[in-house]
Amino acid sequence: MKRIVHILLVEDDNLDAMDLKRSLDKLGLLYKLEIAKNGEEAIRTLDSRDIEGNSALDLIILDLNMPKMNGLEFLQILRGNERWRDTKVFVLTTSSENEDRRAAAEFGISGYIVKPLKLNNAGSIDAFNLMIDLMNM
Amino acid sequence: MWLMKISYTILLGFLVILLLFATTTYINYQQSEQIDASNEVLIRSGVVLKHSNRFQRNILNMVSGLRGYLLTNESFFLQSYDSAMLENDQILQELADLVEDSTSQGHLLSDIHTLNESWIEGLAKPLILARQQANKSDSSMKAFNHLYHIKLVAGEERNLNRTLQNRFKAFSNNEYATRDRQRDLLNATIARTGVISFYLTLFSIIIGICIAIFLAHHIASRISRMVRMADSISGGNYEVSMTDHGQDELSALARALNHMAKVLSENISLLKRKNAELDQFAHIVSHDLKAPLRGIDNVVNWIQEDHARDVPEKVMEYLALIKGRIIRAENQLNGILSYSRVGRGLATKETVDVHALLNELREDMPVRPGITLEIQPGLPRLFTEKLPLQQIFTNLLVNAYKYHDKPEGTVRVYFKELPTVYEFYIEDNGPGIPQAYHQKIFVIFQTLQDRDAFESTGVGLAIVRKILDDRKLTIRVVSDAGKGAIFVFTWPKNG
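Residues numbered from 1 in each chain as written. Chains lettered and ligands numbered in written order. Predicted model: local features only at pLDDT ≥ 70, side-chain atom pairs only at ≥ 80, totals over all residues. Heavy atoms only, no water.

Details of the overall build of chain A
- Counting its regular elements, chain A contains 5 helices and 5 strands.
- The burial tally for chain A puts 46% of its 137 residues in the buried class.
- Partitioning the intrachain contacts of chain A with sequence separation of at least 6 by distance along the chain shows that 66% fall at a separation of at least 24.
- With the model as given, the accessible surface of chain A reaches about 6,900 Å², and the carbon-plus-sulfur share is 50%. (Helix = DSSP H or I, 4+ residues; strand = E, 2+ residues; numbered from the N terminus. Buried < 20%, exposed > 50% of the residue type's maximum accessible area, 1.4 Å probe, protein only. Contact = heavy atoms within 4.5 Å. Areas by Shrake-Rupley, 256 points an atom, 1.4 Å probe, with all protein chains shown as cover.)

If you want it as structure tokens, here you go:
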């Protein structure tokens, strides 16, 4: 019995968002994707979700480079709140953002997905496998 | 704190010394004048004594001549009397010239003169006259005997002689005393002059040494400090400054040095900031441009993947062209990123075996089966920064492989040892580079190939140049069209 994986994508570039959707489709994942354009919007979405009692979020996919609040600042707030301390987070990263990835790791991320998205990318494979597993639970 | 200007101090010092020497010279000159004067006195006094002795001898001659004549009536005796008397007249005249009237010598002389006169006029002449007349008659003989008795026997002549002798004794003694006094005076003067000269000279020497020490310390120590400060600056430390509160020429120099160091420091800080800004700028720009490029690439891919059948063939061709340009743009951005990262790493030094380094690089070369890499044996081991050196070799070798135009070819690496640096040579027998482009190829993005035909970031040589420029090293190329190329760069011995 496959379930729908609930994903919150925090990403400001709509092409990158489309790219993720296409990859998830190619993966054959059943998913519900909510998109926040930046960290502030993401916090508001999380808050309203809790209030409305929506079904639990499975994971957050987070872009590190965003206007207003950037990815690391968002992570700090996220982990500071006990409701969201254990939520799984994958960061979207280009191959050259080594320092950012290391910093993000300090906030306890579950892995990363490399841009541009390729399903056979060694770095991204863990993330994709996890999502498939969540679907098949 | 010595406030006078250095030039004035030096002048003053020399003036003082010159003054001292001038004084010494003057004193010695004065002394020689005194010696001259003394000499005159002694000479004159000698003449006076000589005359006086001669006068006394003449008087003896006159006495004996007179006596002889009076006794024997021989005119021979009269002659000796006459000549002695005449000479004494002359002597008296000369002595009158030599002796000053007002002195005691002068008085004695006039006494002697008077006595002499009375001896001649009162004694000798009457007696001679009487004697000459004596033979003429008895009464004259009697008169003569009478006179003889009165003058000579009774003792008048004796008294006169004795008085004369006393005067002469006094006269001579005075003269001797004068000579002695003069000699003593002269000796005292000489002694005194000697002492004064000695002390003046000693004083001059001491002052000279003091001036030399003072100048040496006052000037040399400050100059050394300035030299140390200048060395500091050329060593890269621009924060140094000197304290100097004086007003002289060296203080002005110190203040100028301080100002220069400050300006240098500010300019260098500014330069460093600008460089950092530039690096950061390049980093941000290339990074931020990648996102939209990726977006474009994505969209083109999606069209090609999902709508190949809906889209006319011409449009697909155009899409392929777009993809090609995107790749070129990405390459150039990567090139900019690499270029801006040059020089960011820490300058850590380690032992590097160049031979081993090159062998490792063999694996990283582009696949070109016909190309052989020959590495000269005996390449040095260096204590140096490994990564920059590795980057240079990589870029030069990759170029040699990439641009080779023949199916078979050789790339040679060898070196030459110079006094302070090594020269490394990377030689290939590829297409070569025309002389006109030897400078251009080191400029970023300047490639000599067809832009479409070749995958190249265009920064390989620019990076090599930047690494070497940062370290004040050199690179040159020996090449001509169709004649292969040799790239030669320098690297310091032991870092």
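Structure's up, so let's keep going.
Focus on the interface of chain A and chain B
- The partner chain B presents 10 residues to the 12 residues of chain A that form the contact.
- For the chain A and chain B pair, buried surface summed over both sides reaches about 1,000 Å², with 48% attributable to carbon and sulfur atoms.
- Counting every contact that joins chain A to chain B gives 4 salt bridges.
- Between Arg22 of chain A and Asp306 of chain B there is a salt bridge, with the nearest N and O atoms lying 2.4 Å from each other.
- Along the contact surface separating chain A from chain B lie 4 residue pairs in polar contact (both at pLDDT 80 or more).
- With 6 residues, the top contributor of residues to the side of chain A that touches chain B is helix α1 (residues 14–27) of chain A.
- Taken together, the residues of the side of chain A that touches chain B break down into 3 nonpolar, 3 polar and 6 charged. (Buried area = accessible area lost by both parts, 1.4 Å probe. Salt bridge = Lys/Arg side-chain N within 4 Å of Asp/Glu carboxyl O. Polar contact = N/O pair within 3.5 Å; in protein donor to acceptor, adjacent residues only side chain to side chain. Nonpolar A, V, L, I, M, F, W, Y, C, P; charged D, E, K, R; others polar.)

Looking at the pairing of strand β2 (residues 31–36) of chain A
All names here are of chain A.
- In this sheet, β2 lies alongside strand β1 (residues 5–10) in parallel orientation, the contact comprising 6 bridges. Bridge pairing in β2 places Leu8 opposite Glu34.
- Viewed along the sheet, the connection from β1 through α1 into β2 turns out right-handed. (Pairing = 2+ DSSP bridges. Right-handed = clockwise from strand over helix to strand, strands pointing away.)

Topic: the sheet that holds strand β4 (residues 88–94) of chain A
All names here are of chain A.
- Taken in spatial order, the 5 strands of this open sheet run β2-β1-β3-β4-β5, and their pairing is parallel. Two strands in the sheet have a free side with no partner beyond their single neighbour: β2 and β5 (111–115). Averaged over all pairs of adjacent strands, the angle between strand axes in this sheet comes to 25°, irrespective of strand direction.
- Helix α3 (residues 71–80) contacts β1, β3 (59–63) and β4 of the sheet and is inclined by roughly 150° relative to β3. (Axes fitted to C-alpha atoms, helices over the stretch in contact; angles between N-to-C directions.)

Regarding the sheet that holds strand β4 (residues 409–417) of chain B
Residue and element names in this part refer to chain B.
- Taken together, the 5 strands give an open sheet; going across it, the order is β2-β4-β5-β7-β6, and neighbouring strands pair in mixed fashion. Sheet topology places β2 (371–375) and β6 (475–479) at the edges, where each strand pairs with a single neighbour. Averaged over all pairs of adjacent strands, the angle between strand axes in this sheet comes to 15°, irrespective of strand direction.
- As defined by bridge partners, β4 adjoins strand β5 (residues 421–428) across 7 bridges and the pair is classed as antiparallel.

As for the pattern of salt bridges
- Summed over the entire model, instances satisfying the criterion amount to 24 salt bridges over all chains.
- Here Arg67 of chain B ties to Glu157 of chain B by a salt bridge, and the two come within 2.5 Å at their closest N and O atoms. You can see Arg67 of chain B sitting in helix α1 (residues 6–72) and its partner Glu157 of chain B sitting in helix α5 (residues 156–234), a full 90 residues away along the chain.
- Given a relative accessible area of 33%, Arg67 of chain B falls into the partly exposed group.
- We note a salt bridge from Arg183 of chain B to Asp180 of chain B, for which the minimum N-O separation is 3.9 Å. Separated by 3 residues within a single helix, Arg183 of chain B and Asp180 of chain B lie in helix α5, roughly one turn from each other.
- Among the charged side chains, a network of salt bridges with common partners joins Glu11, Asp16, Asp63 and Lys115 of chain A together with Arg294 of chain B.

Points about the nonpolar core
All names here are of chain B.
- Counting residues in each nonpolar core, the largest one holds 43 residues, and the members touching the most others are Phe393, Phe424, Phe487, Phe489 and Trp491.
- With 8 residues, the single largest contributor to this core is helix α9 (residues 386–402).
- In this structure, Phe55, Leu66, Leu127 and Ala134 belong to the second largest nonpolar core, which totals 35 residues. (Core = buried A, V, L, I, M, F, W, Y, C linked by side-chain atoms within 4.5 Å.)

As for the packing of aromatic side chains
Residues and elements named next belong to chain B.
- Enumeration over the complete set of coordinates arrives at 13 aromatic pairs over all chains.
- Where Phe144 meets Tyr148, the ring centres are 5.8 Å apart and the plane angle is 55°; that geometry is what we call tilted. Remark: Tyr148 and Phe144 occur in helix α4 (residues 138–153); sequence separation between them is 4 residues, near one turn of the helix.
- Classification of Phe144 as buried rests on a relative accessible area of 4%.
- Between Phe393 and Phe489, the aromatic rings sit 5.3 Å apart at their centres with planes inclined by 70°, giving edge-to-face as the arrangement. Note that Phe393 is positioned in helix α9 and Phe489 in strand β7 (residues 485–492), a separation of 96 residues in sequence.
- Among the aromatic residues, ring-to-ring pairing joins Phe393, Phe415, Tyr422, Phe424 and Phe489 into one connected group.
- Stacked on the ring of Tyr339, the Lys or Arg Lys466 has its end atom at 4.7 Å from the ring centre.
- Taking the ring centre of Tyr422 as reference, the NZ or CZ of Lys493 above it sits at 5.6 Å. (Phe/Tyr/Trp six-rings, centres within 6.5 Å; stacked < 30°, edge-to-face > 60°. Lys NZ or Arg CZ within 6 Å of the ring centre and 35° of its normal.)

Quick notes on the side chain of Thr94 of chain A
- Structurally, Thr94 of chain A is set in strand β4.
- In this structure, Thr94 of chain A is in contact with Arg101 and Lys115 of chain A together with His287 and Arg294 of chain B, ignoring residues within four places of it in sequence.

Focus: the pairing of β4 of chain B
Residues and elements named next belong to chain B.
- With 5 bridges connecting them, β2 and β4 associate as parallel partners. Counterpart to Glu374 in the pairing with β4 is Arg412.
- The antiparallel pairing of β4 with β5 creates a hairpin that spans 3 residues between the two strands.

Side note on a nonpolar patch on the surface
Residues and elements named next belong to chain B.
- A contiguous nonpolar patch, built from Met4, Tyr8, Leu11, Leu12 and Val16 and spanning about 450 Å² of accessible area, is present on the exposed surface.
- Looking at where Leu12 falls in the secondary structure, it is placed in helix α1.
- The partly exposed category is assigned to Leu12, whose relative accessible area is 43%. (Patch = residues over 30% accessible without salt bridge, like charges linked within 9 Å, V, L, I, M, F, W, Y side chains within 5 Å.)

Let's talk about the packing of α5 of chain B against helix α6 (residues 249–306) of chain B
All names here are of chain B.
- At a minimum axis distance of 11 Å, the contact between α5 and α6 shows a crossing angle of 10°. Relative to α6, α5 is oriented roughly parallel. Two secondary-structure elements touch here, α5 through His218, Ile219, Arg222, Ile223, Met226, Met229 and Ile233 and α6 through Leu250, Ser251, Leu253, Ala254, Leu257, Asn258, Met260, Ala261 and Leu264. (Parallel < 35°, antiparallel > 145°, perpendicular 65-115°, else oblique.)

Purely geometric numbers; function is a separate question.
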